[in-house]
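Structure assessment
Listed here are the chains, written in short residue letters.
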There are 4 protein chains.
Amino acid sequence: MKDKAYVLFEEQQLARGIDVNHVKQKLAELKIETPSWGYGDSGTRFKVFQKEGVPRNPFEKMEDAAVVHRLTGLAPTVAIHIPWDQVDDYSKLRSHAENLGLRIGAVNPNLFQADEYMLGSVTNSDSKIRRMATDHLLACVDIAKETGSKDVSLWFADGTNYPGQGDIRKRKGWMQEALQEMYRALDPDMRMLIEYKCFEPAFYHTDLADWGMAYNMALKLGEQAQVLVDTGHHLPGANIEHIVAYLLDEKRLGGFHFNSRKYADDDLIVGTVNPYELFLIFYQILQGSMDEDEGIRSGVDKIAYMLDQSHNIEQKIPAMIRSVLNVQTQYAKALLVDHEEVAAAQKNNDVLAAEHAVRRAFEFDVTPLLHAVREEQGLPVDPMEAYLNSRYTAEIAGRGKGGASW
Amino acid sequence: MKDKAYVLFEEQQLARGIDVNHVKQKLAELKIETPSWGYGDSGTRFKVFQKEGVPRNPFEKMEDAAVVHRLTGLAPTVAIHIPWDQVDDYSKLRSHAENLGLRIGAVNPNLFQADEYMLGSVTNSDSKIRRMATDHLLACVDIAKETGSKDVSLWFADGTNYPGQGDIRKRKGWMQEALQEMYRALDPDMRMLIEYKCFEPAFYHTDLADWGMAYNMALKLGEQAQVLVDTGHHLPGANIEHIVAYLLDEKRLGGFHFNSRKYADDDLIVGTVNPYELFLIFYQILQGSMDEDEGIRSGVDKIAYMLDQSHNIEQKIPAMIRSVLNVQTQYAKALLVDHEEVAAAQKNNDVLAAEHAVRRAFEFDVTPLLHAVREEQGLPVDPMEAYLNSRYTAEIAGRGKGGASW
Amino acid sequence: MKDKAYVLFEEQQLARGIDVNHVKQKLAELKIETPSWGYGDSGTRFKVFQKEGVPRNPFEKMEDAAVVHRLTGLAPTVAIHIPWDQVDDYSKLRSHAENLGLRIGAVNPNLFQADEYMLGSVTNSDSKIRRMATDHLLACVDIAKETGSKDVSLWFADGTNYPGQGDIRKRKGWMQEALQEMYRALDPDMRMLIEYKCFEPAFYHTDLADWGMAYNMALKLGEQAQVLVDTGHHLPGANIEHIVAYLLDEKRLGGFHFNSRKYADDDLIVGTVNPYELFLIFYQILQGSMDEDEGIRSGVDKIAYMLDQSHNIEQKIPAMIRSVLNVQTQYAKALLVDHEEVAAAQKNNDVLAAEHAVRRAFEFDVTPLLHAVREEQGLPVDPMEAYLNSRYTAEIAGRGKGGASW
Amino acid sequence: MKDKAYVLFEEQQLARGIDVNHVKQKLAELKIETPSWGYGDSGTRFKVFQKEGVPRNPFEKMEDAAVVHRLTGLAPTVAIHIPWDQVDDYSKLRSHAENLGLRIGAVNPNLFQADEYMLGSVTNSDSKIRRMATDHLLACVDIAKETGSKDVSLWFADGTNYPGQGDIRKRKGWMQEALQEMYRALDPDMRMLIEYKCFEPAFYHTDLADWGMAYNMALKLGEQAQVLVDTGHHLPGANIEHIVAYLLDEKRLGGFHFNSRKYADDDLIVGTVNPYELFLIFYQILQGSMDEDEGIRSGVDKIAYMLDQSHNIEQKIPAMIRSVLNVQTQYAKALLVDHEEVAAAQKNNDVLAAEHAVRRAFEFDVTPLLHAVREEQGLPVDPMEAYLNSRYTAEIAGRGKGGASW
């Protein structure tokens, strides 16, 4: 049946003027970085439920990540978190990854779990703690150099819980000082990705609270500083795809932390709460990439697609497989938008036709297309099924419970 | 200066027709229950910062709570959480509390930290887990009887993270079954307080998501079932005082878990984010108590005022002192509302005058009044200062770090 | 191509165990009521943009509605709003509708546009205004009887803008009095549908603010009182499908006002902002209807699906066609959920499989199915195209600008 | 009693180290601009209730504004909206204002009520409409020059209701083009104040959606471009005082549109929903002004405090008097913050003391202080009472109903 379905799909899209080969090529190029910490246990403040088979160290995390990539072809890089993934010899971790067919992705400094950081890391009023935090940033730049990573990805928990607790403007200055020092340590081909978040764990003010604050910081630092959009880090109602289009236009969209949320930073599996939003994000990016064809450099090719989720109740590896597949699905749908049709409707002030032209692409079932793409790449047509039928879960059961967590 | 200030305050209020003696009597009757877990360490999913001197067991928690009550006169009861406060012999815990001048308050069953409860406790699809959860509820009723508590306070983390994960309506039925069984175990003078929460730790649906679901459950159970309002458990913009007035009118307002929030269930110190909201809650309650004077039983006298906060970065005992004082402050202000003035403005359709009549009470500085009330009760005029000048912090330092936490 | 597509669709679904004939029968039974006011001009507080060809009176509204029904087969009834649709002789309006192949649907009393209602209609502190409002409710019951309508649909703008402006509990009592009087006037086969809304136009408290308040009112009134869910009337993050499942379980889900929102009560075309949410609502309803097959009366068959939107910038008739088609699309997708697959995954505690079983249905492209259904009913395969190719727009241009608005 | 109260207040503050004379001087300098349109009728999309005595033209609006200023001493300037306040000869309007003791404040171009602007004004895809809109901006610069205004205040309703409706990035470019053209027309001592809004009347994306977009635009234009913060234009939970501190630090805080909101852009009277938030905004500004004393130019002295409210149910002049008094009250409280105490607590990492130091200032009753300030300025001690006792309401009754509205 699959063949028939794909043949029909191709006919349909051809009739719409969509170049399916181009679509397949773009799909073949899609890369989604999985986070090492997503293979470990995580939870809410109420409870971390431990799972059997969770990796016990960074090397085992790479092994699990390699399974995800082997089955999906989508996840060739793995982000690491320091010190969660601290090892004595990063060249060994790098070799281990490379032997598994992976590369180390973004390096994520952790500045929220040392006791010293209770009232801030780079924005702490104590200069010794700021020094300690900045040194950790610099150490992470070194780790990136050792592991061959080009991106250092920054999320700060820094903020305050009460009015008056901290001097908002002084903290702003301290943040800038620390980032400037780190920025100078980057090699010319490295990037600093600056994440923002509206709240949690700080409940009054967060030093980098929204895209505007991250963007403004990037402006002050230089072109290697870019903004990282975590899809769960916005206030209710925020139009994320608008922010994406805006940053793209300013050439400051560095990448994403994908996940789903209904309420706050729920960190659920991407594409499960409002899949249309994910599609619309890709629609904006693909629209931006058309400028590129016209010779305008938008930086679309450098956007880092990364996951950042908390698999509190899910089996870790299946959760990751589902996640990269969900991203692939919505990306595939976005590739079916007929941009000329949209532009024509916009030009005619035909609101209904323009809306429909975008949403129509979302309504196609891309399963036949994705099956075909996977077959052509020698991948299992249904990576989840392939995983569940594999012996990997049984193999890792020997790790027992109590693996890595945060 | 204090005396002059109080004399002036009394004159001012007399001129407005406020009976200051009545106000003082109401203030003398105010009781705020502190939670045993608020004396221990807590945090966010990102980090629990450990403090020195945190109590190591339920007995030490009572000792800290006794300090709060001794200095403020406001906190004669302490809520307990089972199994966090599990002891071999509850009569000993009760005696310990009573020797310290305290009583055990509401008993809170914990149904979210056993591994079995990952996908639900009383709403788990596995009947054995539901049995286990219901048995815990029944055990808590027994503990309440042993400790002399009259309230069992129920918060369920139960819910789902994804569409389809659970059968919403079946879970609703299971919740009802469990609560009915527990309800039958109550003595006639005991109450079941049913809490609700919009989200967290469940991120798709929460079985008891809002006041309506808690209320409806209470209706089905009987008059001893009442609704518990946690001020941090609502969606953005919810008018909490409206819910309070509504439940009061239906005679189903059982009590509160007070705390402050700006974003989600931030669990900050009550009265620090939007103190006017706390004042307006008390305004509604006091307005309801006027019906009582007219012979209508509203149950205002039985409302349990309890704290439920997470002192992630604060010193625990001072945080609790500040919290009960903040509640006292807003309650005192609410006692200064001239209800006849409000009613007259309402009758005249004078929107501005009615609004002002309420807000004016909020703008009075009640410090002189509270000083006077404390002096009359033989309490320190400034309980926080008294605590900070005491040797208690030094005394408990010997407990070291790593005390009770959740 | 269409035929091939449908054949393939049928094969696919058969392979999944879906009974396509049953699906088609359910689709043939789907009815969506359009609102008379949706054919007129509307806008925001900033501007009402007038469109050419907007109907100038209730009779012309019926003519436009008939076009929508003729092309889609989905919209056989039209809700009316009184006094917007006030006519001298309702039997004439009824005949006019019936001659056009329509019936009059829910009657909607308007209690927010008379000067008297500035501070409330049925909750006004002035008993004369309450009388006037209640009389209007009674008049609408009479109109319903004259027009053959079985539902009177109640939305109240009543509320306050400031703390203290009104007596919340007295207003609650007045609301109940008015509705009780109206309830008594209903024939046994008539229903009162009670709508709720969190805010707007009242910005402090709204007398019927959430489903709990509407439901509690319905409980007090009797079984003919049911709750009406407007999908735009909730606070950010509210899980609407949970509310739907809950009300269904209590046999109090009377119907819907469908529309889309991203922020507040945006009243956009249904299915354009988060189509998955609409799908999930239908998933809950269809799951509820399975109880019915098991002999449990859930009242699913009586749920009134109605639109309530504000077409501020859209062409009115095309907006309505698009709206009913969007509802049909998501309903069709929900009919493809394999409930046994979901139940099995739930039973196995397989969170990922359960989530996927539901979402998979959403990802099918139902276009071939809907084309087939329309062909079988003798309807145009693409009703929007059929409309745009028709001469109706040109015909109504003669009405000019300045038609009915609110 | 007033005297005693003030003497006591002065003693209290002296004891805290607050220089009451400095406070009084700052209060004497406070200026709040009232909007001409706030004197007219306004409403929600559901209804505009007409009031008796509403001004019928811009000249009468100035007369009403003069009453507010005469009684409060706080409101010497009046913002105008073009074309709502269009007159043949702006020098006449200016003279009229000056004869009444007023000056014309910010000029507000209206780009949302012409039929052409349905799909955008400066971001319309039609270059002719963009030209028309830009010309209106230029005309408003001219009007500002004629009326002696130094600020042109820009709020754009521009945005889209649906994904795909418009090209987000092209619209961004068009916005910039129009503002650049207008910017070039400014005299060197004039400012362009750029407002932002998250939604309404656009319900999918708004071209200038948040402070970051307004700020980035200002950066591109030059130093005369500043950001205008409307307190009702943020998503739920936004920390407005953080944004204020941030813009202040970047020297781009141009001014405010004050109003209150609980839900969306409710446009209620400032200081009635969460008065503490207004206080905290002033706390940040005053903290910023301390830098100035240290020789750093923050631009605090140029911040334009303006009202922008919708008095849907209130008497217009009393609503405006109440509003300016509410601003004055919170400003007075913020002047009582002991910044050294806050800084010391921050330095000691004493979270509770820092929070309390800020909140303590909020809890003082500043009524005696404000009475004293008014007496010293020869103003009525209670401006609201003075107004209600005046004959002005009776005088303007002759205007009848149906005055200016929008």
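Residues numbered from 1 in each chain as written. Chains lettered and ligands numbered in written order. Predicted model: local features only at pLDDT ≥ 70, side-chain atom pairs only at ≥ 80, totals over all residues. Heavy atoms only, no water.

A look at the environment of L325(B)
Residues and elements named next belong to chain B. Structurally, L325 can be placed in helix α10 (residues 316-334). Spatially, the C-alpha atoms of L325 and F46 are 30 Å apart, while their sequence positions differ by 279 residues. If near-sequence neighbours (up to four positions away) are discounted, L325 is found in contact with T72, L74, R374 and P383. (Helix = DSSP H or I, 4+ residues; strand = E, 2+ residues; numbered from the N terminus. Contact = heavy atoms within 4.5 Å.)

Some details on the interface of chain D and chain A
In this assembly, 49 residues from chain D lie in contact with 49 residues from chain A. Interface area for chain D against chain A, summed over the two sides, is near 4,400 Å², with a carbon-plus-sulfur share of 56%. Remark: the boundary between chain D and chain A carries 8 salt bridges. Our count for the contact surface shared by chain D and chain A stands at 26 residue pairs in polar contact (both at pLDDT 80 or more). Those elements giving two or more residues to the side of chain D that touches chain A turn out to be α6 (168-185), β9 (205-206), α7 (211-221), α8 (240-249), α9 (275-293), α11 (339-347) and α12 (351-363) of chain D. (Buried area = accessible area lost by both parts, 1.4 Å probe. Salt bridge = Lys/Arg side-chain N within 4 Å of Asp/Glu carboxyl O. Polar contact = N/O pair within 3.5 Å; in protein donor to acceptor, adjacent residues only side chain to side chain.)

Description of the packing of aromatic side chains
Aromatic ring pairs are described here by two measures, namely the spacing of the ring centres and the angle between the planes. What the rule picks out here adds up to 82 aromatic pairs over all chains. For the ring pair F199(C) and F203(C), a centre distance of 6.3 Å and an interplane angle of 45° mean the geometry is tilted. The buried category is assigned to F203(C), whose relative accessible area is 8%. Among the aromatic residues, those joined into a cluster by ring pairs are Y276(A), F279(A), F362(A), Y276(C), F279(C) and F362(C). Over the ring of F362(A) we find K333(A), and its NZ or CZ is 4.7 Å from the ring centre. (Phe/Tyr/Trp six-rings, centres within 6.5 Å; stacked < 30°, edge-to-face > 60°. Buried < 20%, exposed > 50% of the residue type's maximum accessible area, 1.4 Å probe, protein only. Lys NZ or Arg CZ within 6 Å of the ring centre and 35° of its normal.)

Considering the environment of K172(D)
You can see K172(D) is positioned in helix α6. Overall, the relative accessible area of 11% leaves K172(D) in the buried class. On a C-alpha basis, the gap between K172(D) and D207(D) in space is 6.6 Å, while along the polypeptide they are 35 residues apart. In this view, K172(D) contacts Y246(A), D249(A), E250(A) and M217(D); residues no more than four positions away in its chain are not counted.

A short note on the interface of chain B and chain D
Contacts between the two partners involve 40 residues from chain B and, on the opposite side, 40 residues from chain D. At the surface where chain B touches chain D, the tally comes to 6 salt bridges. The closest approach of N and O atoms between R322(D) and E355(B), which form a salt bridge, is 3.9 Å. Our count for the contact surface shared by chain B and chain D stands at 10 residue pairs in polar contact (both at pLDDT 80 or more). For the side of chain B that touches chain D, the elements supplying multiple residues, two or more each, are α1 (2-16), α9 (275-293), α10 and α12 (351-363) of chain B. The element that contributes the greatest number of residues to the side of chain B that touches chain D is α12(B), accounting for 8 residues. Among the residues forming the side of chain B that touches chain D, the class breakdown is 17 nonpolar, 12 polar and 11 charged. (Nonpolar A, V, L, I, M, F, W, Y, C, P; charged D, E, K, R; others polar.)

Structural notes on the pattern of salt bridges
Within the structure shown, the criterion is met by 118 salt bridges over all chains. A salt bridge links E250(D) to K220(A); the nearest nitrogen and oxygen atoms lie 2.9 Å apart. Of the two residues, E250(D) is situated in the loop between α8 and β11 (253-258) and K220(A) in helix α7 (residues 211-221); the pairing between them involves two chains. Residue classification places K220(A) among the partly exposed positions, given a relative accessible area of 33%. Close ionic contact of D267(C) with R45(D) constitutes a salt bridge, the shortest N to O distance being 2.9 Å. In this pair, D267(C) is assigned in the loop between β11 (253-258) and α9 (275-293) and R45(D) in the loop between β2 (43-44) and β3 (47-48), connecting two distinct chains. On the accessibility criterion, D267(C) (5% relative accessible area) is buried. The buried category is assigned to R45(D), whose relative accessible area is 13%.

What is shown is where atoms sit, not what they do.
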